[in-house]
Amino acid sequence: MIARHARPFHLDTDMRTHRVNRPDPAIELPVLDAPRQGSSDPPAARLPRWLKREVPKGNANHYTANLVAELNLETVCDHARCPNRMECYAQKTATFMILGNVCSRPCGFCSVARGRPEPVDAGEPERVAEAASRLGLRHVVITSVTRDDLPDGGAGHFRRCVLAVRSRTGASVEVLTPDFRGNADALRQVVDAVPEVFNHNMETVPRLFRSVRGPRSSYAWTLDMLRLVKQWDPRIGTKSGLMLGLGESRDELLAVLSDLREAGCERLTLGQYLRPGEGYLPVTRYVTPEEFEELGALARGIGFTKVASGPFVRSSYHARDMA
Ligand code: SF4
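Report on the accompanying structure. (Residues numbered from 1 in each chain as written. Predicted model: local features only at pLDDT ≥ 70, side-chain atom pairs only at ≥ 80, totals over all residues.)

1. Some remarks on the pairing of strand S9 (residues 306–309)
Consecutive side chains of a regular strand alternate in pointing toward one face of the sheet and then the other.
Here's step 1: Inspection of the sheet shows strand S8 (residues 267–272) paired to S9 by 4 bridges, in the parallel sense. Residue arginine 267 lies in a different strand from S9, and its bridge partner there is lysine 306.
Here's step 2: With helix H10 (residues 289–301) bridging S8 and the parallel S9, this β-α-β connection has right-handed handedness. (Pairing = 2+ DSSP bridges. Helix = DSSP H or I, 4+ residues; strand = E, 2+ residues; numbered from the N terminus. Right-handed = clockwise from strand over helix to strand, strands pointing away.)

Next comes the structure, spelled out in structure tokens:
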């Protein structure tokens, strides 16, 4: 349950091991594929101008990509095929994806590989800290695949990563976690590490929840997570995000924003859902930049203190500005 995206390159999956080979860091990324034949997405001819982006020139992104490869780390930027990858990598920022590169959930929007995850890598927290240090990050965003196979859902590993990054760099840390299958003790482990920002994405409205986030997901628990984090430690900033263009109505969206505020959520991201490829949920509409602006203003009006709302906004886009 990670991010939302276009399809800038192909991943190479080794079916014997379920490992996904890292994309070649030198690959230049076209930003948006035309919807494929047979897709129910709006046709390519109607692809709105605001979703067409120039591919940035130059190799400024290579330093980040090479460092990630050298340290044997994963980023959601790569695996979720984020359309902002070139921009973020060129600015020497990335969102680290811990606990492997294979997810145990079949979310309908996400391009991260699914299957049987590998054992937890005990050296990963130190390598994330090393990467954060060498990139000079002042705000470090850490997310993960969902690990329903682990008793604590990977919460202890999240905690170790937060502590390692803080100890090595002094940077603020933002965690973007899975739902730990409703396990409040697991959530507590992450909270006890006191990340500066706790981010858990709503992703969509209740009516679409299970088709988007899978049958194990729960709208009520998502709200409870944000509420509990704030109750347990009010110093931690809370954040959530939704993808638009999955079939939600305006009224449904506004009801979710209201629920998030009621749960004490302070930060909000709204972005356009982009289908990662064949077999994923279709895009039902492209929201205009003007409507994103209007929704952002509306969110601020009901009390969100930090809001990013726009077609290419993702959970971790310009995260430092929202810390
Ligand atoms: S928006 Fe987030 S996920 Fe996308 S490239 Fe930037 S840091 Fe990575």
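2. Topic: the site of the ligand
Here's step 1: Around the ligand, the structure places 13 residues, and the nearest of them are Cys77, Cys82, Cys88, Ser316 and Tyr317.
Here's step 2: Of all the elements in the fold, those that place two or more residues in the shell around the ligand are helix H2 (76–79) and helix H3 (85–90).
Here's step 3: For the shell around the ligand, the class distribution of residues is 7 nonpolar, 4 polar and 2 charged. (Near = placed C-beta within 6 Å. Nonpolar A, V, L, I, M, F, W, Y, C, P; charged D, E, K, R; others polar.)

3. A look at unusual backbone geometry
Here's step 1: Of note in this structure, leucine 99 is not a glycine but carries a positive phi near 70 degrees.
Here's step 2: Counting through the fold element by element, leucine 99 comes out in the loop between strand S3 (95–98) and helix H4 (124–135).
Here's step 3: According to the C-beta neighbour criterion, leucine 99 is buried, with 26 such atoms within 10 Å.
Here's step 4: For valine 194, which is not glycine, the phi torsion reads 50 degrees and is therefore positive.
Here's step 5: When you line up the elements, valine 194 lands in the loop between helix H6 (184–192) and strand S6 (197–199).
Here's step 6: Taking the number of C-beta atoms within 10 Å as the measure of exposure, valine 194 has 16 and is therefore partly exposed. (Buried ≥ 20, exposed ≤ 12 C-beta atoms within 10 Å, placed from the backbone.)

4. Quick look at the sheet that holds S6
Here's step 1: In spatial order, the strands read S3-S4-S5-S6-S7-S8-S9; together these 7 strands make up an open sheet with parallel pairing. Looking at the sheet topology across the chains shown, the edges are occupied by S3 and S9. Adjacent strand axes in the sheet meet at a mean angle of 20 degrees when their direction is disregarded.
Here's step 2: Direction of pairing for strand S5 (residues 172–176) relative to S6: parallel, over a ladder of 3 bridges. Note on S6: the bridge partner recorded for leucine 176 is asparagine 199. (Axes fitted to C-alpha atoms, helices over the stretch in contact; angles between N-to-C directions.)

5. Details of H4
Here's step 1: Across its 12 residues, H4 extends 16 Å between first and last C-alpha, which sits within 8% of the 16 Å expected from 1.5 Å per residue.
Here's step 2: Looking at H4, one finds that the buried residues are Glu124, Pro125, Val128, Ala129, Ala131, Ala132 and Leu135. The arc that holds the buried residues of H4, viewed along the axis, is 160 degrees, so those residues lie on one side.
Here's step 3: Trailing H4 by a residue or two, glycine 136 shows a phi angle of about 70 degrees, which is positive. (Expected span 1.5 Å × (residues − 1). Arc of directions from axis to C-beta.)

6. Points about the packing of helix H1 (residues 62–70) against H4
Here's step 1: Running from N to C, H1 and H4 point in directions that differ by 160 degrees, and their axes come no closer than 10 Å. By the angle class used here, H1 and H4 are roughly antiparallel. H4 is crossed by H1, and the crossing has right-handed handedness. In this structure, H1 uses Thr64, Leu67 and Val68 to contact H4, whose residues at the interface are Ala131, Arg134 and Leu135.
Here's step 2: Looking at the contact of H1 with H4 residue by residue, the classes come out as 4 nonpolar, 1 polar and 1 charged. (Parallel < 35°, antiparallel > 145°, perpendicular 65-115°, else oblique. Left-handed = near helix turned anticlockwise from the far one by under 90°. Contact = placed C-beta atoms within 7 Å.)

7. Considerations on the nonpolar core
Here's step 1: If you look at the biggest cluster of nonpolar residues, it comprises 82 residues, and the most contacted ones within it are Val128, Ala132, Ile142 and Val165.
Here's step 2: Apart from the residues lying within four places of it in its own chain, the contact partners of isoleucine 142 are Phe96, Ile98, Val128, Phe158, Cys161, Val173 and Val175. (Core = buried A, V, L, I, M, F, W, Y, C linked by C-beta atoms within 7 Å.)

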